[in-house]
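# Breakdown of the fold
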Amino acid sequence: EDQVTQSPEALRLQEGESSSLNCSYTVSGLRGLFWYRQDPGKGPEFLFTLYSAGEEKEKERLKATLTKKESFLHITAPKPEDSATYLCAVLSWGKLQFGAGTQVVVTP
Amino acid sequence: DVKVTQSSRYLVKRTGEKVFLECVQDMDHENMFWYRQDPGLGLRLIYFSYDVKMKEKGDIPEGYSVSREKKERFSLILESASTNQTSMYLCASSLSGTEQFFGPGTRLTVL
């Protein structure tokens, strides 16, 4: 059965303290891995798509990487506005399978 | 930019009522999706549609139905609302094989 697991469940960072979030997956027929950011009470906001192992994407303080079994979202020198829940999802057989998310809190 | 809009941000209904949630996208996407999101359970797919008048069951279709009469509009219907359908409902759209874009969500409370 397809599975997407994110760790840690929650992460508390000081402003400027870099860290990484993990998304591991076991799916058949992977057609892409997606990262989203979700603020409380809002819909997920698309961040990145990764299609093949070794691929990397960057946006401001965020960098996503992909291997054959997992993806990492690196947050470099985070700011309080980076506080959110980060979701990863894998596209398999036309449907997205989501992980439970990592809630990130960045304190000044 | 892709815009996905949902008819209501907040909705309060009574048990047994028929509830319609509407979603409209403006990017000519062929795929549209309905999810519900609950604490600890994450996003779960209810129904999706690859084309007008087509629909496919997702992981939790029981108690729901959908309608897609026009390409830009996808409706979720709760035939007889129950308290266990209290949730955040999210609509999304995409081109085939690409990222999904989400609407702002509808927080539904069933009393």
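In short, a report on the structure.

How each quantity is defined
- Residues numbered from 1 in each chain as written.
- Chains lettered and ligands numbered in written order.
- Predicted model: local features only at pLDDT ≥ 70, side-chain atom pairs only at ≥ 80, totals over all residues.
- Heavy atoms only, no water.
- Contact = heavy atoms within 4.5 Å.
- Buried area = accessible area lost by both parts, 1.4 Å probe.
- Salt bridge = Lys/Arg side-chain N within 4 Å of Asp/Glu carboxyl O.
- Polar contact = N/O pair within 3.5 Å; in protein donor to acceptor, adjacent residues only side chain to side chain.
- Helix = DSSP H or I, 4+ residues; strand = E, 2+ residues; numbered from the N terminus.
- Nonpolar A, V, L, I, M, F, W, Y, C, P; charged D, E, K, R; others polar.
- Disulfide = S-S within 2.5 Å.
- Buried < 20%, exposed > 50% of the residue type's maximum accessible area, 1.4 Å probe, protein only.

## Section: the interface of chain B and chain A
Contact with chain B, which involves 19 residues of that partner, is made by 17 residues of chain A. Counting each side, the surface lost to burial between chain B and chain A is near 1,400 Å², with a carbon and sulfur contribution of 57%. The largest share of the area that chain B buries against chain A comes from B:Leu43, B:Glu99 and B:Phe102, three residues that together contribute 31% of it. If you look at where chain B meets chain A, you find one salt bridge. At the junction of chain B and chain A, the tally comes to five residue pairs in polar contact (both at pLDDT 80 or more). Those elements that provide at least two residues to the side of chain B that touches chain A are strand E4 (31-38), strand E5 (42-49), strand E9 (87-94) and strand E10 (101-102) of chain B. Classifying every residue of the side of chain B that touches chain A gives eleven nonpolar, five polar and three charged.

## Here's the deal with the state of the cysteines
Disulfides are covalent bonds that connect the sulfur atoms of two cysteines. This model, assessed by the stated rule, comprises two disulfides over all chains. Here A:Cys23 connects covalently by a disulfide to A:Cys88, the sulfurs 1.9 Å from one another. One disulfide, between A:Cys23 and A:Cys88, carries an S-S torsion of 70 degrees and so falls in the right-handed class. One end of the pair, A:Cys23, is in strand E3 (residues 19-26); the other, A:Cys88, is in strand E9 (residues 84-92), and 65 residues separate them in sequence. Like A:Cys88, A:Cys23 is buried. With a sulfur-sulfur separation of 1.9 Å, B:Cys23 is cross-linked through a disulfide to B:Cys91. Looking down the S-S bond of the B:Cys23 and B:Cys91 bridge, the torsion is -75 degrees, so its handedness is left-handed. Linking B:Cys23 in strand E3 (residues 19-25) with B:Cys91 in strand E9, this pair joins segments that are 68 residues apart in sequence. No difference in accessibility class separates B:Cys23 from B:Cys91, as the two residues are buried.

## Structural notes on the environment of A:Thr102
All names here are of chain A. Checked against the element boundaries, Thr102 lands in strand E11 (residues 102-107). What makes Thr102 buried here is its relative accessible area of 0%. Between the C-alpha atom of Thr102 and that of Arg12, which follows or precedes it by 90 residues, the distance is 10 Å. Residue contacts for Thr102: discarding those within four places in its chain leaves Gln6, Ser7, Pro8, Glu9, Leu11, Leu21, Ala84, Thr85 and Tyr86. Within the structure, Thr102 has its side chain in polar contact with the backbone oxygen of Pro8 (distance 2.6 Å).

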